[in-house]
Every structure is written in structure tokens, then in C-alpha cells.
Amino acid sequence: MAPTHVSRLDHLGDFTTSPRVIPISLLAVVIGLVAAVVAAALLKLIGLRPNIFFFQRIDTALVSPAGHHLGPFVVLVPIAGALVIGLLARYGSERIRGHGIPEAIEAILMNASRVEPKVALLKPLSSAISIGSGGPFGAEGPIIMTGGAFGSLVAQFFHLTSAERKTLLVAGAAAGMSATFAAPVASVMLAVELLLFEWKPRSFVPVAVAAMVASVLRVPLLGAGPLVPVTPHAALP
């Protein structure tokens, strides 16, 4: 007869962890701080581009290009933006192509969670040019890839294991989303579902720590309100 006794360790299964989660969580704190600064810089870059392209002024406020005075020449703005991004992708890094989320997944699955340092610089730059010149995109993909790149670079600097690199990459992505959209819980859930591929304390705890730290730092950097506030309106009958 097969033994029916199940050890405590077997019973816990994937919910076991080790003291190794403590130093990884400390690194996640640093990543959360950096990701919040990166998120603020990305939003400033996104605001700067339409002001330059459509109004020929230096300002980082988020504005609509609807009030431009370029006339029919406005069609040249997205063309110029696309040409610049094409040059960055051709001579900088092809990893800046695409939305950002698929590239982060590819880095995890195909490249052992390693991201090149230049991606951390070129991705937010190219994304800001694309959005600021009229591209129909948002900040979620770029900040996921950029925050994830910084998390991966930290892990590579300390020569961590593949699993720990993945954890810090996802921590950077979640922290970037948390700081950008003021949604730490949703950022952690999205990161776990799309990028982490597991539900274990060894990875979930550092990701949550990074998102929490980024959310706290967002207040002095970007304010406490939502990224896209909703104008009060009358309730439907």
C-alpha cells in the first residue's frame, strides 16, 4: 500500500520560499525607486514631443495637438516621427520595435530575462517620439519594457540566477506601471498574469514590494491623482 503521509513541504508545494527572498526584495526596493523616476521621465518626454512637433515650444505638459497651426503640413509630423524611430530601430536596437509587452515576454522566454542596456534608453525615447508625433499608442507597453529592462540590468549586474532575473525584470515592469498609472494592485496582477508565469512567494513578494515603493514615490513626482482624470458628469437616470 502506498504511503498516505504527506510532508509539510509537499503540502505547501509552490508556496514554499527561502531567506533568499529578502535580498531580492531589497533589490526590488531599489528597482521600484528607479522605475518611478523612469516613469516620470517617460511621461515628461511624451508631453515634450507634441509641444515641440505641433507648437514649436519647450514644455512637458500633456497637450492635445488639436490646436496646432501647421495647416496641411501637419501630415509631415507623424512621417518625421516614423523616420526617426526607424533609424533608432535600424542603428540602435531592433528590440525597441513593437508594443513593449510582447518584447518583454520574449526576453523572459527566449533570452533568459536578459535585456540589453541600450534598450532601457532607446525604448522610452522612441516611444515618446511615436506618441508625441501622433502615433496611436499609450504608455503601458513602453513603461513595461523600460522598467523591465532596468530590473534585468540590476539582476545581471549582481549575476543572479535566471529565475531571479525574471523576478526583477517583472518587478521593474510592475513598478513602472504602478508609478505611471497610480494602480499598484492592478500592476502586480497584470505583471503576474502576463510575465511572471508563476504564483510563488519567491517572485510575488519582490514584485509587490517594487510596485508599492513606486506607488509611494509617484506622489512627489507626479501627484496623487490618476493619470487620466475623469471629468465629473451627471449620472444616467
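Residues numbered from 1 in each chain as written. Predicted model: local features only at pLDDT ≥ 70, side-chain atom pairs only at ≥ 80, totals over all residues. Heavy atoms only, no water.

**Student:** Could you give an account of the overall build of the protein, naming the residues involved and the relevant values?
**Tutor:** Of regular secondary structure, the protein possesses 9 helices and 0 strands. Mapped in sequence order, the helices and strands of the protein form the string α-α-α-α-α-α-α-α-α. Once the C-alpha set of the protein is aligned to its principal axes, its extents read approximately 85 × 55 × 35 Å. By sequence separation, contacts in the protein at least 24 residues apart represent 69% of the contacts at least 6 residues apart. Accessible area for the protein stands at about 12,800 Å²; split by element, carbon and sulfur atoms hold 70% of it. In the protein, which carries 16 positive and 11 negative side-chain charges, the distance between the mean positions of the two groups comes to 6 Å. (Helix = DSSP H or I, 4+ residues; strand = E, 2+ residues; numbered from the N terminus. Contact = heavy atoms within 4.5 Å. Areas by Shrake-Rupley, 256 points an atom, 1.4 Å probe, with all protein chains shown as cover. Lys, Arg positive; Asp, Glu negative; His and termini not counted. Charge placed at Lys NZ, Arg CZ, Asp CG, Glu CD.)

**Student:** Describe a nonpolar patch on the surface, listing the residues and the values that go with them.
**Tutor:** Together, Phe-73, Val-75, Leu-76, Ile-79 and Leu-83 make up a nonpolar patch on the protein surface, roughly 530 Å² of accessible area in all. In this fold, Phe-73 is placed in the loop between helix H2 (21-55) and helix H3 (76-91). Given a relative accessible area of 58%, Phe-73 falls into the exposed group. (Patch = residues over 30% accessible without salt bridge, like charges linked within 9 Å, V, L, I, M, F, W, Y side chains within 5 Å. Salt bridge = Lys/Arg side-chain N within 4 Å of Asp/Glu carboxyl O. Buried < 20%, exposed > 50% of the residue type's maximum accessible area, 1.4 Å probe, protein only.)

**Student:** So what about the pattern of salt bridges? Which residues, and what values?
**Tutor:** The full count for this structure, using the stated rule, is 3 salt bridges. Residue Arg-20 pairs with Glu-164 through a salt bridge whose shortest N-O separation is 2.7 Å. One end of the pair, Arg-20, is in the loop between helix H1 (8-12) and H2; the other, Glu-164, is in helix H7 (residues 162-181), and 144 residues separate them in sequence. A salt bridge links Glu-198 to Lys-166; the shortest N-O distance between them is 3.8 Å. Here Glu-198 is found in the loop between helix H8 (184-196) and helix H9 (201-222), whereas its partner Lys-166 is found in helix H7, with 32 residues between them in sequence. By the burial criterion, Glu-198 is buried, and Lys-166 matches it. One salt-bridge network, in which partners are shared between bridges, spans Lys-166, Glu-198 and Arg-202.

**Student:** Requested: an account of the packing of helix H4 (residues 101-110) against helix H6 (residues 140-157), with residues and values cited.
**Tutor:** It is the contact of H4 with H6, at a shortest axis distance of 8 Å, that shows an interaxial angle of 25 degrees. Taken as axis vectors, H4 and H6 run roughly parallel relative to one another. Packed against H4, whose contacting residues are Ile-101, Glu-103 and Ala-104, the element H6 presents Gly-141, Ile-144 and Met-145 at the interface. Of the residues belonging to the contact of H4 with H6, the class tally is 4 nonpolar, 1 polar and 1 charged. (Axes fitted to C-alpha atoms, helices over the stretch in contact; angles between N-to-C directions. Parallel < 35°, antiparallel > 145°, perpendicular 65-115°, else oblique. Nonpolar A, V, L, I, M, F, W, Y, C, P; charged D, E, K, R; others polar.)

**Student:** Let's hear about the environment of Phe-150: which residues, and what values?
**Tutor:** Looking at the secondary structure, you find Phe-150 in helix H6. On the basis of relative accessibility, which here comes to 26%, the residue Phe-150 falls in the partly exposed class. Taking the C-alpha atoms as reference, Phe-150 lies 6.4 Å from Ala-120; in sequence the two are 30 residues apart. Here Phe-150 is in contact with Val-34, Val-38 and Ala-120, once residues within four sequence places are set aside.

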